[in-house]
Amino acid sequence: MSNEESFWDIRLEKLQRLRELGFDPYKIERWDTPKSADKLHADFIEGTEVSFAGRISSYRDMGKAGFAHISDGDGKIQAYFRRDELGDDAYEAYKLLDLGDHIGVEGKLFLTKTGEQSIHVSKFHPLSKAMHPLPLGKEKDGHVFSGLQDIEIRNRHRHLDLMANKEGRTKLLNRSRIVAAVRSYFNDCGYLEVETPLLQQEAGGAAARPFVTHYNEYEIDVKLRISLELYLKRIICGDVQKVYELGRVFRNEGVSYKHNPEFTLLEFYEAYANLEDMMRHVENCFKYVAFTVFGSTKIDVPHEDGYLSIDFGQPWARVDMLDEIAKHTGVQRDQLLELSSAVDALGAGARVNGVTGKRVVPGEERNLGGLLEKLLEVYVEPTLIQPTFVIGYPLEISPLAKKDPNDSRFTRRFEGYVLCSEICNSFSEINDPIDQRERFDFQVGEAAAGDEEAHPMDEEFLYALECGMPPTGGCGIGIDRMAMLLTGSSTLREILLFPYMRPPASSEQAVESTPDHKEH
RNA sequence: GGGUCUGUAGCUCAGCGGUAGAGCAGUGGCCUUUUAAGCCAUUGGUCGAGGGUUCGAAUCCCUCCGGACCCA
């Protein structure tokens, strides 16, 4: 008999005995929990009759009496059990409880000798049995001992992480509060939330490779969306003036601390609005969310062995893309206006940013836009700590943004950066259908030349533009990165309840503690 | 795809060529205000998998499978 089987078998025997004693943990359907543990502490009056339920997070048996802490996930309260008051059967049932079981209790609030607010239990019932040993570490002065550290187990078996790691739990739950606040901001601004298709013939609106799946009934391959853009603009074309969607998009690329194959994107579009309006919304949205969720427009985030205060209460800095690249590469702005002169000035070989180790090879870039994008990433991004809008992106990499009326090599587009990370992307949307068709034609050419992320042609979208789209401002915000930033997380996995993980090699490794005689 | 680190009991970790360890959890016993409860006893491991070197491998080497962090 292995150790794992004996854990299971012992708990099975306890379960059986509980049933014999009339304490079947799986029989009860509800238990009154009018107050959370935190609220019981806050409203504590000795002698008050209370009812409470939760998971046993500590357990001390002293022969004819015992104590246990009962956690409702966010807070916990101690309960006191006495044999002489509960009776022999109930006390035996108490002794059959394990760390991790859920129980409901009723009793009077009292203070122990050492002054801890507790429940003197007059009645209790187990409400579920933990059939596996749980990583509920002991705790003193807020420090948890022998809890759950293994990052892989925390990510793969998130329920264990949620119950065992208070700090991680708070971040994950704050992510939901951030999403709720974003919704609330746009609803309050008069935007209409809409839902558009996840399954698409052509996945457009961004530069990324899609996931492909098969639609049996029509015998066609369909793609999972990579952005929300084109459908939302078709709604604008239908004279709905302010729309947003907050939804999951999918990109068939690698996983990193800031990439997950599926992520949550917010896109909002407003007719008769321009880049200025979009910047105002981004500023106000971050300010609103930070204040709503964290109570302050200043957020302290870990940064280089210390903390850094990011201030969302101020308007964001605004810089010109080309100016910044010129400033950080030492190349004259004028030389960055043509691919050939830029390569001459930079040198065709690899250039490495000495601070970050990131590198760019100017000679390998096919067009000016691609080179400038790379230079921005290598030289400028690492310097953008406080909230900053970078304005004026090159035409080739902006197939959906209006041309800059003053220089048609550039577009009316900006991206927002905070803590060296891109956080939003916004354009004044192209509403000239002829210009848009030319841009798609160029992208189709790029695809033919081997660019797997080039934008596909979309005739239905063009038809909508041809029917007339008002001048429109649009913007996308990566909600996961926003959550990462606001919660001070260093990886996306800290704010994704179920981050993508490579499937375990074998079913045996899938759930380490599961004996094989059980289903999972 | 490349580099660095990493995988030992349910959990947290030590051991780094010479008989597999500790704390917690678990099990049995004592204990009616404990709280990282305590005291006594005790169970539990193919040291990620496979191959090699060696008289001898958790330890050294190779391959593979996971994971973390950098870079692409």
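Preceding block: the structure.
Every chain begins its residue count from 1, and numbering advances along the sequence as written. Chains carry letters and ligands carry numbers; both start at the beginning, A for chains and 1 for ligands, and go up in the order they are written. Per-residue local features are limited, in this predicted model, to residues with pLDDT of at least 70; the limit for side-chain atom pairs, both in listing and counting, is 80 or more; totals at the level of whole chains, interfaces and linings are taken over all residues. In computing side-chain values, all of the structure's heavy atoms are included and hydrogens and water are not.

Chemist: Help me out: how do you make sense of the overall build of chain A in this one?
Modeler: Secondary structure summary: chain A contains 16 helices and 24 strands in total. Principal-axis analysis of the C-alpha atoms places the extent of chain A at approximately 90 × 55 × 50 Å. Across the 520 residues of chain A, 47% fall into the buried class. Restricting the contact set of chain A to residue pairs at least 6 apart, pairs at least 24 apart contribute 65%. Surface summary for chain A: the accessible area is close to 25,700 Å², and the carbon and sulfur share equals 49%. Counting rule for charge: Lys and Arg are taken as positive, Asp and Glu as negative, and neither His nor the chain ends is counted. Note that the charge is assigned to NZ on lysines, CZ on arginines, CG on aspartates and CD on glutamates. Computed over 61 positive and 86 negative side-chain charges, the inter-centroid distance for chain A is 6 Å. Runs of H or I in DSSP of at least four residues are treated as helices and runs of E of at least two as strands, each being numbered from the N terminus. Throughout this description, buried means an accessible area under 20% of the type-specific maximum (1.4 Å probe, protein chains only), exposed means over 50%, and partly exposed covers the range between. We call two residues in contact when some of their heavy atoms are within 4.5 Å. Shrake-Rupley sampling with a 1.4 Å probe provides the accessible areas, and residues are treated as covered by the protein chains on show and by no other component.

Chemist: Would you mind showing me how to read the protein's contact with RNA strand B here?
Modeler: Not every one of the 42 residues close to RNA strand B is listed here, only the nearest: Lys14, Lys113, Thr114, Gly147 and Arg493. Put simply, a residue is near a molecule or strand once any heavy atom of it comes within 4 Å of that molecule or strand. The contact atoms of RNA strand B, taken as those within 4 Å of the protein, divide so that sugar and phosphate hold 61%. Polar contact is defined as a pair of N or O atoms within 3.5 Å, subject to the rule that within protein one atom must be able to donate a hydrogen and the other to accept it, and that residues adjacent in sequence are counted only when both atoms are side-chain atoms. A distance of 2.5 Å separates a base oxygen of RNA strand B from a polar atom in the side chain of Arg60. Within the contact set of RNA strand B, a base nitrogen lies 3.3 Å away from a backbone nitrogen or oxygen of Asp61. If you list the elements that add at least two residues to the surface near RNA strand B, you get helix H1 (3–20), strand E1 (49–61), strand E2 (65–71), strand E3 (76–82), strand E6 (138–140) and helix H5 (151–156). Class assignment for the residues of the surface near RNA strand B results in 12 nonpolar, 12 polar and 18 charged. In this count, Pro and Cys sit with the nonpolar residues alongside Ala, Val, Leu, Ile, Met, Phe, Trp and Tyr, while Asp, Glu, Lys and Arg are called charged and the others, Gly among them, polar.

Chemist: Is there a simple way to explain the sheet that holds strand E19 (residues 388–391) in this structure?
Modeler: In a beta sheet, neighbouring strands are held together by backbone hydrogen bonds and run either parallel or antiparallel to one another. Read across the sheet, eight strands follow the order E8-E12-E13-E24-E23-E22-E19-E16 without closing on themselves; strand pairing throughout is mixed. Each edge of the open sheet carries a strand with a single partner, namely strand E8 (192–193) and strand E16 (317–320). Two strands are said to pair when DSSP picks up at least two bridges between them. Pairing of E8 with strand E12 (residues 242–250) involves two bridges; the strand directions are parallel. Bridge pairing in E12 links Glu193 to Tyr244.

Chemist: Where do I start with the environment of Lys171 in this structure?
Modeler: Residue position: Lys171 is located in helix H7 (residues 166–188). By relative accessible area, Lys171 is classed as buried at 16%. Lys171 sits 323 residues away from Glu494 along the chain, and the two C-alpha atoms are 7.0 Å apart. In this structure Lys171 touches Thr487, Gly488, Ser489, Glu494 and Ile495, once residues within four positions along its chain are discounted.

Chemist: Honestly, the side chain of Ser227 in this entry has me stumped. Any pointers?
Modeler: When you line up the elements, Ser227 lands in the loop between strand E11 (220–224) and helix H8 (229–237). Among the polar contacts made by the side chain of Ser227, one reaches the main-chain amide nitrogen of Glu229 at a distance of 3.2 Å. When neighbours within four sequence positions are excluded, Ser227 is seen to be in contact with Gln200, Gly204, Gly205, Ala206, Val249, Arg251, Leu265 and Glu267.

Chemist: Just to check I follow, could you spell out the pairing of strand E24 (residues 472–478) for this structure?
Modeler: Every other side chain in a regular strand lies on the same face of the sheet, so the side chains alternate between the two faces. With seven of its seven residues buried, E24 lies for the most part within the structure. Here E24 shows no split at all, with Thr472, Gly474, Gly476 and Gly478 on one side and Gly473, Cys475 and Ile477 on the other all buried. Strand direction decides the pairing type here: strand E13 (residues 262–271) and E24, joined by seven bridges, are antiparallel. Opposite Glu270, over in E24, you have Gly473 as the bridge partner.

Chemist: How should the packing of H7 against helix H9 (residues 275–294) be read in this particular structure?
Modeler: In a packed pair of helices, the relevant descriptors are the angle between the two axes and the axis-to-axis distance. Following both chains from N to C, one finds H7 and H9 inclined at 135°, their axes separated by 9 Å at the closest point. Classified by the angle their axes make, H7 and H9 are oblique. Classified by chirality, the crossing of H9 by H7 is right-handed. Residues Asn174, Arg177, Ile178, Ala181, Val182, Ser184, Tyr185, Phe186 and Asp188 of H7 form the contact with H9, whose participating residues are Arg280, His281, Asn284, Cys285, Tyr288, Val289, Thr292, Val293 and Phe294. Here the contact of H7 with H9 is composed, by residue class, of 10 nonpolar, five polar and three charged. All axes are obtained by fitting lines to C-alpha atoms, using only the stretch in contact for helices, and the reported angles, taken between N-to-C directions, cover 0 to 180 degrees. Working rule for angles: under 35 degrees goes down as roughly parallel, over 145 as roughly antiparallel, 65 to 115 as roughly perpendicular, anything else as oblique. If you view the pair so one helix is near and one far, a crossing is left-handed when the near helix is turned anticlockwise from the far one by less than a right angle, and right-handed when it is turned clockwise.

Chemist: Looking at this structure, how should I read H9?
Modeler: Note that an α-helix has 3.6 residues per turn; residues three or four places apart therefore point the same way. A helix is expected to reach a length of 1.5 Å times the quantity of its residues less one. Spanning 20 residues, H9 covers 28 Å between terminal C-alpha atoms, matching the ideal 28 Å at 1.5 Å per step. Of the positions making up H9, those classed as buried are Leu275, Met278, Met279, His281, Val282, Glu283, Cys285, Phe286, Val289, Ala290 and Val293. For H9, the N-terminal cap is Asn274; the gap from its side-chain oxygen to the backbone nitrogen of Glu276 is 3.0 Å. Once H9 finishes, Gly295 follows within two positions and takes phi at roughly 75°, a positive value.

Chemist: So what exactly am I meant to see when it comes to the pairing of E1 here?
Modeler: With seven bridges connecting them, E1 and strand E4 (residues 102–111) associate as antiparallel partners. Bridge pairing in E4 links Ser51 to Glu106. When E1 meets E2, the two strands line up antiparallel, connected through six bridges. By the bridge assignment for E2, Arg60 is matched with Phe67.

Chemist: Got a minute to help me understand the environment of Thr33 in this structure?
Modeler: Mapped onto the elements, Thr33 comes out in the loop between H1 and helix H2 (37–42). Taking the C-alpha atoms as reference, Thr33 lies 4.8 Å from Phe52; in sequence the two are 19 residues apart. Setting aside chain neighbours within four positions, we find Thr33 in contact with Ser51, Phe52 and Ala53.

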